[in-house]
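# Remarks on the overall topology
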There are 2 protein chains.
Amino acid sequence: MRKILVVGAGKSTSYLIDYFLEKATQENLHLTIGDIDPYTIASEIKNHEACTVIQLDIFQDQERKKVIEENDIVVSMLPARMHMKVAEDCISFEKHLVTASYISEEIKTLDQQAKEKGLVFMNEIGLDPGIDHMSAMQVIDRIREKGGRMILFESFTGGLVAPESDNNLWNYKFTWNPRNVVLAGQGGAAKFLQEGTYKYIPYHKLFRRTEFFEIEGYGRFEGYANRNSLNYREVYGLQDILTLYRGTMRRVGFSKAWNMFVELGATDDSYTIENSEGMTYRKFINSFLPYSPTDSVELKLRHYLKIEQDDIRWEKLLELNLFDAKKSIPLKNGTPAQILQFILEDSWSLSDDDKDMIVMYHKFGYELNGKQFQIDANTIVKGNSKTHTAMAKTVGLPVAIATLAILNKKITTPGVQIPIQKEVYEPILNELKEYGVVFKEYDVPYLGYNPESVYDT
Amino acid sequence: MRKILVVGAGKSTSYLIDYFLEKATQENLHLTIGDIDPYTIASEIKNHEACTVIQLDIFQDQERKKVIEENDIVVSMLPARMHMKVAEDCISFEKHLVTASYISEEIKTLDQQAKEKGLVFMNEIGLDPGIDHMSAMQVIDRIREKGGRMILFESFTGGLVAPESDNNLWNYKFTWNPRNVVLAGQGGAAKFLQEGTYKYIPYHKLFRRTEFFEIEGYGRFEGYANRNSLNYREVYGLQDILTLYRGTMRRVGFSKAWNMFVELGATDDSYTIENSEGMTYRKFINSFLPYSPTDSVELKLRHYLKIEQDDIRWEKLLELNLFDAKKSIPLKNGTPAQILQFILEDSWSLSDDDKDMIVMYHKFGYELNGKQFQIDANTIVKGNSKTHTAMAKTVGLPVAIATLAILNKKITTPGVQIPIQKEVYEPILNELKEYGVVFKEYDVPYLGYNPESVYDT
């Protein structure tokens with residue numbers, strides 16, 4: 001019997017838990033789920049013969065150490081900042097560890113010890129980071145193996161609403177942590193490389209510098225830059241690359257409309273609004289507009305943001321009830337970002353029968369025998385239900401597959417790592433195909449950032 | 001003999017030192033100047049019979065304590081963060097202390113001890129903060145004494161170039177710390193009150209929400225909001241005020257042009273530009289613009305910032321040699337703000353015969369016997385030379401006058417304070433008049449923020 005401990009049973013764990021329980025008999029597994037609030041876990045999970053659900057406060061050292069010691073491998077689905085205590089215990093009791101979070105400087109300090117003890121500490125093995133690393137490295141390694149030299153890498157991911165549930169003007173609903181959506185792009189300029197030139201975009205211009213994509217059968221999307229794309233040079237071994245850009249995908253038009261909130265200052269999370277409790281949506285918006293004793297909030301906003309009468313952005317604001325003088329905000333001393341989130345959740349929450357959708361789009365440019373080539377690869381994953389979302393599938397399944405692969409000694413290289421080695425990504429990507437996570441590849445002309453070259457061919 | 005110690009003999013101390021030396025015989029003063037680098041102090045000061053110049057590293061505890069113990073009052077013109085050690089010694093050795101810096105939370109903790117020992121710790125007694133507090137409180141107290149109720153207070157200060165030296169398109173040169181000019185407005189939204197409504201302006205809109213002023217004989221100015229105007233409610237006792245706004249003054253058109261740098265992201269101080277050393281001005285600007293293999297930096301910038309061909313902002317950029325492909329930046333790993341500062345100093349430094357100018361403008365709105373009134377007050381102070389600037393005069397003289405008034409027991413109320421009490425501001429404002437710091441007052445109709453009311457009268 002191999003014993004798996006999952007700590008933290010939040011939204012993203014539905015597929016992860018199903019995976020282990022479905023394979024429990026065949027693979028001889030026992031699953032323990034530890035959560036601070038285990039009462040909400042579905043009864044079919046709690047009553048499963050291969051599963052034990054316990055209440056676990058990871059800040060209680062004794063409990064935590066005991067349960068980690070009893071298991072063979074630990075999957076931490078806790079918020080990223082809580083991993084470290086779990087990781088230290090995994091070192092003490094010699095257990096493997098799997099997380100979907102960005103590798104932290106703290107976790108990195110355990111690398112030497114993990115190696116000495118032969119332990120695999122696998123991180124960044126969810127969707128983004130996770131599937132993006134694996135699917136990108138698979139293509140990059142293939143290009144290198146045939147002697148190609150990488151000159152361009154772009155990668156975009158988006159958590160969106162599925163077409164059949166896409167029924168608002170923004171073509172967007174919250175399918176994941178709304179707070180991250182409201183704060184997206186804040187905390188520093190976006191940095192990337194285009195044709196060998198370093199480029200920097202300040203937050204207030206980020207949503208006005210988008211790129212566009214077409215995905216067969218799904219239409220058009222747009223992407224805006226993520227914070228620091230340059231980090232990926234080292235990670236992917238792309239030191240000499242000319243273009244390096246990572247971004248977030250939305251439906252076309254989202255960014256231009258979202259930029260209205262950025263322009264107003266309504267996404268700011270650095271200060272609190274005076275007297276926010278009971279403030280109407282209308283008053284909230286007015287607090288970002290110049291005072292006038294005569295002009296309406298509507299006209300002031302149109303003028304300030306230069307919104308013409310036939311601009312669809314206007315309808316998008318109306319759809320959010322932004323000028324409503326009755327709807328009010330219950331938050332005490334809310335920041336603009338918190339209040340905006342509240343207003344958006346009023347409109348953008350998933351209904352019970354809504355489905356979500358994950359989109360990922362990579363571009364790989366390379367040189368081979370003096371010629372330039374490009375491969376575009378993309379995948380679309382749709383959710384099945386409100387609990388079995390595409391997000392839960394794409395975050396949870398790679399974690400689950402990696403966990404079993406480690407137990408089965410298919411992944412053996414020890415140390416604190418991310419899934420960029422063939423040993424790791426090949427079996428996982430293969431198995432993900434069975435679950436519908438399939439990348440389609442297209443050979444396209446290499447245009448780089450030179451649209452003129454279209455006419456040269 | 002009364003002994004004054006001045007620590008820190010930077011740019012702003014010329015008038016301060018002259019004041020003490022001119023009054024040395026009459027007032028029986030001895031001045032000691034302590035500076036980390038005393039070699040640059042003019043010989044007429046060093047050789048003055050009433051003056052001793054010493055080298056002083058304020059981080060050397062023994063030296064610092066010794067010289068503070070030997071004097072009767074300490075004037076700290078050090079950078080604000082260095083005051084605390086001096087202040088603690090002033091408590092130990094029972095010496096008065098005068099600074100032109102914003103009162104810090106640290107300094108506030110000494111209030112009780114200062115009071116117990118009968119020591120005056122006067123802060124914020126330069127120009128801004130300083131003359132602004134005193135000149136505002138004088139009018140506010142007068143309005144209150146006749147039974148008026150304050151409904152509006154606005155206050156603007158600017159350090160500018162004098163009209164006779166105003167010979168560039170920006171109508172601006174650096175007359176003070178250039179770094180503060182480049183970073184102005186960063187670090188949080190501007191917050192203020194207009195007609196009872198809280199208003200918030202994000203940094204990227206700050207320079208597009210200006211107000212205008214006319215000063216007799218000097219033409220038009222504009223003002224943009226300073227960070228948190230709401231702080232002044234408590235300080236000035238304006239808890240019920242409807243409009244409260246503090247700002248910075250520039251010549252009309254500066255803010256609109258400066259906003260180009262904000263839009264580009266060129267004022268960002270939070271990250272460093274890759275390979276900044278040796279980068280041309282042109283490349284620096286290009287790093288904020290979209291990549292194009294065909295379009296010039298000029299066209300990309302015009303398009304990005306929507307600058308039409310007859311827009312004066314374009315000439316302003318050309319005047320700064322911003323598109324120069326030869327001029328290069330010597331800074332290693334400079335932030336955008338540091339690099340922009342370097343480029344601006346290339347154009348905006350004062351020449352040897354340039355003079356500076358200080359502008360301050362207050363508006364006071366009040367209600368009396370059911371009617372609304374407004375007083376506008378302003379002052380213009382021009383510099384005499386490159387060393388005897390208006391900035392040095394308006395920062396240094398209030399400090400000097402306060403110091404002597406404390407020695408002469410005209411200011412006696414002990415404790416950590418700012419100059420908002422009549423005992424303090426009356427004698428200082430009176431004496432400042434002798435040096436040409438004179439406020440002109442105008443009774444104007446109270447318009448508040450209701451421009452329509454112009455037509456009602």
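Criteria and thresholds
- Residues numbered from 1 in each chain as written.
- Chains lettered and ligands numbered in written order.
- Predicted model: local features only at pLDDT ≥ 70, side-chain atom pairs only at ≥ 80, totals over all residues.
- Heavy atoms only, no water.
- Helix = DSSP H or I, 4+ residues; strand = E, 2+ residues; numbered from the N terminus.
- Rg over C-alpha atoms; globule rule 2.2 N^0.38 Å.
- Buried < 20%, exposed > 50% of the residue type's maximum accessible area, 1.4 Å probe, protein only.
- Contact = heavy atoms within 4.5 Å.
- Areas by Shrake-Rupley, 256 points an atom, 1.4 Å probe, with all protein chains shown as cover.
- Lys, Arg positive; Asp, Glu negative; His and termini not counted.
- Charge placed at Lys NZ, Arg CZ, Asp CG, Glu CD.
- Least-squares fit on C-alpha atoms with pLDDT ≥ 70 in both.
- Buried area = accessible area lost by both parts, 1.4 Å probe.
- Salt bridge = Lys/Arg side-chain N within 4 Å of Asp/Glu carboxyl O.
- Polar contact = N/O pair within 3.5 Å; in protein donor to acceptor, adjacent residues only side chain to side chain.
- Nonpolar A, V, L, I, M, F, W, Y, C, P; charged D, E, K, R; others polar.
- Domains from an automatic or database assignment.
- Arc of directions from axis to C-beta.
- Axes fitted to C-alpha atoms, helices over the stretch in contact; angles between N-to-C directions.
- Left-handed = near helix turned anticlockwise from the far one by under 90°.
- Pairing = 2+ DSSP bridges.
- Right-handed = clockwise from strand over helix to strand, strands pointing away.
- Patch = residues over 30% accessible without salt bridge, like charges linked within 9 Å, V, L, I, M, F, W, Y side chains within 5 Å.
- pLDDT = per-residue confidence, 0-100.

### Details of the overall build of chain A
- For chain A, the count of helices and strands is 19 helices and 16 strands.
- A globule of 457 residues ought to have a C-alpha radius of gyration of about 23 Å, and chain A, at 24 Å, matches this closely.
- Dimensions of chain A, computed from C-alpha atoms along their principal axes, come out at roughly 75 × 60 × 40 Å.
- Classification of the 457 residues of chain A by burial places 58% in the buried group.
- Within chain A, counting contacts between residues at least 6 apart in sequence, those at least 24 apart form 71% of the total.
- Approximately 19,200 Å² of chain A is accessible, and the part contributed by carbon and sulfur atoms is 47%.
- If you average the places of the 53 positive and of the 64 negative side-chain charges in chain A, the two averages end up 2 Å apart.

### Considerations on the relation of the copies chain A and chain B
- After a rotation of 180 degrees and a shift along the axis of 0.0 Å, chain A superposes on chain B with an RMSD of 0.0 Å. Taken together, the rotation angle and the small translation identify this as a two-fold axis. Ranked by how close their C-alpha atoms come to the rotation axis, the residues of chain A are headed by His204 of chain A, at 3.4 Å.
- When the interface residues of chain A are mapped onto chain B, 100% of them are again interface residues, pointing to one common binding face.

### As for the interface of chain A and chain B
- Counting residues at the interface gives 39 residues for chain A and 39 residues for chain B.
- Summing both partners gives a buried area of about 3,200 Å² for chain A against chain B, and 57% of it is carried by carbon and sulfur.
- In this structure, the salt-bridge partner of Arg233 of chain A is Glu274 of chain B, at a minimum N-O distance of 4.0 Å.
- Scanning the region where chain A abuts chain B turns up 18 residue pairs in polar contact (both at pLDDT 80 or more).
- Taken together, the elements giving at least two residues each to the side of chain A that touches chain B come down to β8 (190-194), β9 (197-201), α10 (203-206), α12 (254-264) and α14 (297-304) of chain A.
- Ranked by residue count, the leading element in the side of chain A that touches chain B is β9 of chain A, at 4 residues.
- In terms of residue class, the side of chain A that touches chain B is built from 18 nonpolar, 10 polar and 11 charged.

### What about the domain arrangement of chain A?
All names here are of chain A.
- One can read the domain layout of chain A as domain 1 (2-123), domain 2 (131-258 + 352-388 + 438-453) and domain 3 (274-334).
- Taking the mean C-alpha position of each, domain 1 and domain 2 sit 31 Å from one another.
- Across the boundary between the two partners, domain 1 contributes 6 residues, which contact 6 residues of domain 2.
- Taken together, both faces of the contact between domain 1 and domain 2 bury some 490 Å²; the carbon and sulfur share is 49%.
- Across the contact surface, domain 1 and domain 2 share 0 salt bridges.
- Where domain 1 packs against domain 2, one counts 3 residue pairs in polar contact (both at pLDDT 80 or more).

### A word on the pattern of salt bridges
Residues and elements named next belong to chain A.
- All told, the structure shown has 49 salt bridges over all chains when counted by the stated rule.
- The partner of Arg2 in a salt bridge is Glu27, and the shortest N-O contact between them spans 3.1 Å. Of this pair, Arg2 sits in strand β1 (residues 2-7) while Glu27 sits in helix α2 (residues 24-27), and the two are 25 residues apart along the sequence. As far as the burial class goes, Arg2 and Glu27 line up, both buried.
- In this structure, Glu164 and Lys382 form a salt bridge, with 3.1 Å as the shortest nitrogen-oxygen distance. A residue pair is termed long-range when its members are at least 10 positions apart, and Glu164 in the loop between β7 (149-161) and α9 (178-183) and Lys382 in strand β14 (residues 371-382) qualify at 218 residues.
- Classification of Lys382 as partly exposed rests on a relative accessible area of 31%.

### Some thoughts on the environment of His83 of chain A
Residues and elements named next belong to chain A.
- Turning to its location among the elements, His83 is positioned in helix α5 (residues 83-93).
- In sequence terms His83 and Thr99 are 16 residues apart; their C-alpha atoms lie 8.2 Å from each other.
- Here His83 is in contact with Ser76, Leu78, Thr99, Ser101 and Ile107, once residues within four sequence places are set aside.

### A look at helix α15 (residues 312-319) of chain A
All names here are of chain A.
- Listed as buried for α15 are Arg313, Trp314, Lys316 and Leu317. Taken down its axis, α15 places every buried residue within 160 degrees of arc, on the same side.
- Looking at the buried residues of α15, the elements they touch are α12 and α14.
- Here α15 starts with a cap whose side-chain oxygen sits 2.9 Å from the backbone nitrogen of Arg313, and that cap is Asp311.

### Things to note about the side chain of Thr267 of chain A
All names here are of chain A.
- Examined against the element boundaries, Thr267 turns out to sit in the loop between α12 and α13 (281-286).
- At 2.7 Å, the side chain of Thr267 forms a polar contact with the side chain of Tyr203.
- Those residues in contact with Thr267 that lie beyond four places of it in its chain are Val182, Leu183, Gln186, Tyr203, Trp258, Phe261, Val262, Ala337 and Leu340.

### Considering the packing of α12 of chain A against helix α16 (residues 336-348) of chain A
All names here are of chain A.
- It is at 13 Å that the axes of α12 and α16 come closest, and there the two elements cross at 140 degrees. Here α12 and α16 pass one another in a crossing that is right-handed. In this structure, α12 contributes Phe254, Trp258 and Phe261 to the contact, and α16 contributes Leu340, Leu344 and Trp348.
- Within the contact of α12 with α16, the residues separate by chemical class into 6 nonpolar, no polar and no charged.

### Quick notes on the pairing of strand β4 (residues 73-76) of chain A
Residue and element names in this part refer to chain A.
- Alternating positions in β4 separate into two faces, Ile73 and Val75 on one and Val74 and Ser76 on the other, with burial throughout.
- Pairing analysis gives 4 bridges linking β1 to β4, with the strands arranged parallel. Residue pairing in the sheet places Ile4 in a bridge with Ile73 of β4.
- The sheet contact formed by β4 and strand β5 (residues 96-99) spans 4 bridges and is parallel. Among the inter-strand pairings, Ile73 is bridged to a residue of β5, identified as His96.
- As for the winding sense of the linkage, the β-α-β connection from β4 through α5 to β5 is right-handed.

### Points about the environment of Phe221 of chain B
All names here are of chain B.
- Tracing the chain through its elements places Phe221 in strand β11 (residues 219-225).
- With 74 residues separating them in the primary sequence, Phe221 and Gly147 have C-alpha atoms 32 Å apart.
- Leaving out residues up to four positions away in the same chain, Phe221 has contacts with Leu160, Glu211, Phe212, Phe213, Ile215, Met249, Arg250, Arg251, Val252, Met357, Val359 and Ile380.

### Here's the deal with the sheet that holds β1 of chain A
Residue and element names in this part refer to chain A.
- Spatially, 7 strands are ordered β3-β2-β1-β4-β5-β6-β15 in an open sheet, and the strand pairing comes out parallel. Looking at strand neighbours, the two that pair on one side only are β3 (51-55) and β15 (415-417), the edges of this open sheet. If you compare each strand with its neighbour and ignore which way they point, the axes differ by 15 degrees on average.
- Sheet topology note: the strand β2 (residues 29-35)/β3 ladder contains 5 bridges and is parallel. Each bridged residue has a counterpart across the sheet, and for Gly34 the counterpart in β3 is Ile54.
- Docked against the sheet, helix α17 (residues 390-407) engages β1, β2, β4, β5 and β6 (120-122), running at close to 165 degrees with respect to β4.

### Brief notes about a positive patch on the surface
- A surface patch of positive charge is lined by Arg208, Lys256 and Lys306 of chain A together with Arg208, Lys256 and Lys306 of chain B.
- Relative to the assigned elements, Arg208 of chain B resides in the loop between α10 (203-206) and β10 (211-215).

### A look at α14 of chain A
- All of the buried residues along α14 of chain A are Val297, Lys300, Leu301 and Tyr304 of chain A. Around the axis of α14 of chain A, the buried residues are gathered within 95 degrees of arc, so they sit on the same side.
- Residues of α14 of chain A that are buried sit in contact with α12, α13 and α15 of chain A together with β9 (197-201) and α10 of chain B.
- One or two residues past the end of α14 of chain A sits Lys306 of chain A, with phi positive at roughly 55 degrees.

### Concerning the confidence of the model for chain A
All names here are of chain A.
- Mean pLDDT over chain A stands at 95; residues scoring 70 or higher make up 98%.
- Contacts of residues 453-457 to residues separated by more than four positions or lying in other chains number 3 contacts, the stretch itself having pLDDT below 50.
- Scoring the predicted complex yields pTM 0.89 and, for the interface, ipTM 0.84.

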